[in-house]
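# Report on the structure
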Amino acid sequence: MLTDQNYKDGQILLIDKPLQWTSFQVVNKLRWLIRKNFGIKKIKVGHAGTLDPLASGLLVICTGKFTKRIQEFQGQVKEYTGTITLGATTPSYDLETEIDQRFSIEHISEESIKEATANFIGEIEQYPPVFSALKKDGKRLYEYAREGEEVEIKSRKITINEFEITRVELPEVDFKVICGKGTYIRSLAHDFGKKLNSGAHLTALRRTKIGSFSVEDSITIENFENQLPTKIETA
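Read on for an overview of the structure. What you see is a predicted model; the values in this text were computed from it and never measured.

## Considerations on unusual backbone geometry
- That bond from Leu 170 to Pro 171 is cis: its omega, 10°, falls within 30 degrees of zero.
- As for its position among the elements, Pro 171 is in the loop between β10 (156–169) and β11 (172–179).
- In this structure, Gln 20 takes a positive phi of about 80° despite not being glycine.
- Residue placement: Gln 20 occurs in the loop between β1 (12–17) and α2 (23–38).
- A residue is classified by how much of its surface remains accessible, and Gln 20, at 59% relative accessible area, is exposed.

## A short note on the layout of surface pockets
- Reported here for the second largest pocket is a volume of approximately 160 Å³.
- The wall of the second largest pocket is formed by Leu 19, Asp 52, Leu 54, Ala 55, Ser 56, Asp 94, Leu 95, Arg 186, Leu 202, Thr 203, Ala 204 and Leu 205.
- Considering each element in turn, the lining of the second largest pocket owes the most residues, four residues, to strand β12 (residues 200–210).
- A breakdown of the residues in the lining of the second largest pocket according to their chemical character gives seven nonpolar, two polar and three charged.

What counts and what doesn't
Residues numbered from 1 in each chain as written. Predicted model: local features only at pLDDT ≥ 70, side-chain atom pairs only at ≥ 80, totals over all residues. Heavy atoms only, no water. Helix = DSSP H or I, 4+ residues; strand = E, 2+ residues; numbered from the N terminus. Buried < 20%, exposed > 50% of the residue type's maximum accessible area, 1.4 Å probe, protein only. 1 Å grid on protein atoms, 1.4 Å probe; cavity = no way out; pocket = protein on both sides within 12 Å on 5 of 7 lines; lining within 4 Å. Points joined across faces, edges and corners; volume = space filled by probe spheres on them. Nonpolar A, V, L, I, M, F, W, Y, C, P; charged D, E, K, R; others polar.

Shown next as structure tokens:
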């Protein structure tokens, strides 16, 4: 059984983040559980790569001295699975905001969907979503977006190793993506819709791998709490 010193020396915790939780909330919850359980005042806890509230899956959490390794893990290749819904766009490129435009999908076939993926393999230019936590002039992009203020967003180079279509049941398309650091799957969904002369937005997302870490080896927040030596009353 792990002790407070184990967490201070450094642990890597693989957590299956639930829907609706922010990555920051998961970090705060685990830090609170560790502190309360072992009666320690301070412990460093951080995550190696944000997951949006509307995404589930693998969150690599580092404690104590291992927080110095966060950048190392952030730079590793990631794998995602999810669903893109064709025929409509949203300002956030996912379900955070309402549909703003609708498009025809009558011209889209399973063959054209699979052919379109080839345009996104390798090193490509991608524009981050306006509803993202990236900062411009000290303010997060989503803050500008929610205030209705338009800002210029620069594209950046990202790498997509694999983009595989696993199910086509229009308007839904399931996929698996293996990609490098800084890739926005929401932007990929948006751009994919454009490539098909239609519109698209992301309607489900799950991170399944970060480097050699797999969501199959992760645990839920509840399981983490249950394996701690002391049961904490959270009335």
